[in-house]
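This is what each chain is made of:
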Amino acid sequence: MNKEKLLDLYRMMVQIREFENECIELAKSNATRAAVHTYIGEEAIAAGVCAHMSNQDYITSTHRGHGHCIAKGADLEKMFAELLGREGGYCKGKGGSMHIADLATGNLGANGIVGGGIPLAVGAALGIQLDNKKNFVVSFFGDGAANEGSFHEALNMASIWSLPVIFVCENNEYGISTHVSKSTNIQNIAIRAMSYGIKGVVVDGNNILEVYEETRKAVDDVVSGQGPVLLEMKTYRMSGHYFGDNQNYRTKDEVNQWKEKDPILRCEQILQKEYDLTEEDLLTIRKNIRTEVLAASEKAKLQPEPMIEDLTGDLFDQKFADIEWKSFVKAQGKG
Ligand SMILES: Cc1ncc(C[n+]2csc(CCOP(=O)(O)OP(=O)(O)O)c2C)c(N)n1
Ligand SMILES: [Mg+2]
């Protein structure tokens, strides 16, 4: 990989990390309006996979979706605004972290339903196939989601129709507090691909070069009509399940061991050893990105909150919602 490409991937990972660090600060000060699940430790996956995608290629994401959203090109201020419940957010401040979608960049949305995005990706891939386009879809989901019925139904359907979809299982070893060894009786989730007659590959999800390369091969396969691919990215959730998780289900030693395999640290080691970057170069990059991220957060904080009159706007049945809300307000004596 050439130096510029690797630096782009590095910058993307750092941007995601800094976004998540700031999310934690915002949550600590009680400024966020809904649950926040951070992606710390898993950045190489979103960065390495989405680097192969254009805005016409779709992703479906998860409750831990900030990294996917950023790697797909989202606007950081709009993301922060959503987390802070501000009018300029992706859902006008009414959805929060788990409902961010960004159709302009091909992001079909985060999803609070574990495994909920996987069949949506199959539907999007069917649309691409029916339109005879050369695009593809990536569905991100966790090790926990791989035990949902939706995962199995989606893989089967994508296989029989040879749909252009890459299933990216982010195996971060935990579903909330349950270790994967207690929920899953196989070493590698990737072997499940075999039962659907598709390719399954185990990938070191903390190694940006491997993520990038294995995704490139998968893209070649799905776009050339060879059917879907399942990539199991082995990684580790370095932060709690959500902000506020006391993490009493794992030891500090375990977390510290994985910190040595931090994808950003590993990328920095490669950049220093093989591409002649100095520690100072890397510090400057990190500092500049941090400044940009904090500026986006500050701008979002200045945005107004949504108007109470808009509370029921954007609902599916607008007419019904308006009537309901107006009578509710009246009943409360707040009309
Ligand atoms: C259908 C459904 N079941 C249960 C939950 C509660 N829940 C939220 S996150 C989560 C764990 C998901 O684990 P995994 O798929 O491994 O994703 P990770 O959090 O590790 O990224 C669960 C069980 C949910 N949101 N949706
Ligand atoms: Mg998990």
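All values derive from a computational prediction rather than experimental measurement.

About the cut-offs
- Residues numbered from 1 in each chain as written.
- Chains lettered and ligands numbered in written order.
- Predicted model: local features only at pLDDT ≥ 70, side-chain atom pairs only at ≥ 80, totals over all residues.
- Near = placed C-beta within 6 Å.
- Nonpolar A, V, L, I, M, F, W, Y, C, P; charged D, E, K, R; others polar.
- Pairing = 2+ DSSP bridges.
- Helix = DSSP H or I, 4+ residues; strand = E, 2+ residues; numbered from the N terminus.
- Axes fitted to C-alpha atoms, helices over the stretch in contact; angles between N-to-C directions.
- Parallel < 35°, antiparallel > 145°, perpendicular 65-115°, else oblique.
- Left-handed = near helix turned anticlockwise from the far one by under 90°.
- Contact = placed C-beta atoms within 7 Å.
- Domains from an automatic or database assignment.
- Expected span 1.5 Å × (residues − 1).
- Buried ≥ 20, exposed ≤ 12 C-beta atoms within 10 Å, placed from the backbone.

Colleague: Which residues make up the site of ligand 1, and what values go with them?
Modeller: Taken together, 16 residues surround ligand 1, and among them V114, G142, G144, A145 and G175 come closest. Looking at side-chain class alone, the shell around ligand 1 contains five nonpolar, eight polar and three charged residues.

Colleague: Can you tell me about the sheet that holds strand β7 (residues 229-234), naming the residues and giving the values?
Modeller: The strand order across the open sheet formed by five strands is β1-β2-β3-β7-β6, and the pairing between neighbours is parallel. The sheet terminates laterally at β1 (58-60) and β6 (199-204), the two strands that pair on one side only. Sheet twist, expressed as the average angle between the axes of neighbouring strands with direction ignored, equals 20°. Bridge count for strand β3 (residues 165-171) against β7 is six bridges, and the pairing is parallel. Bridged to F167 within β7 is L230.

Colleague: Please set out the packing of helix α5 (residues 117-130) against helix α6 (residues 149-160) residue by residue, giving values where relevant.
Modeller: Across the interface, α5 lies against α6 with an axial gap of 8 Å and an inter-helix angle of 20°. For the element pair α5 / α6, the angle class is roughly parallel. The element α5 and its partner α6 pack so that their crossing is left-handed. Note on element contacts: α6 touches α5 through S150, F151, E153, A154, M157 and A158, opposite I118, P119, V122 and A125. Here the residues of the contact of α5 with α6 are counted per class, giving eight nonpolar, one polar and one charged.

Colleague: Quick one: what's the story with the domain arrangement of the protein, residue by residue and with numbers?
Modeller: Domain boundaries assigned for the protein yield domain 1 (3-304) and domain 2 (309-335). One C-alpha centre belongs to domain 1, the other to domain 2, and the line joining them spans 36 Å.

Colleague: Lay out helix α11 (residues 279-301) with the relevant residues and their values.
Modeller: Over its 23 residues, α11 runs 33 Å from end to end, which matches the ideal 33 Å to within 8%, given 1.5 Å per residue. Considered for burial, the residues of α11 that qualify are I289, V293, A296, S297 and A300. Summarising the contacts, the buried residues of α11 are in contact with α1 (3-28) and α4 (76-83).

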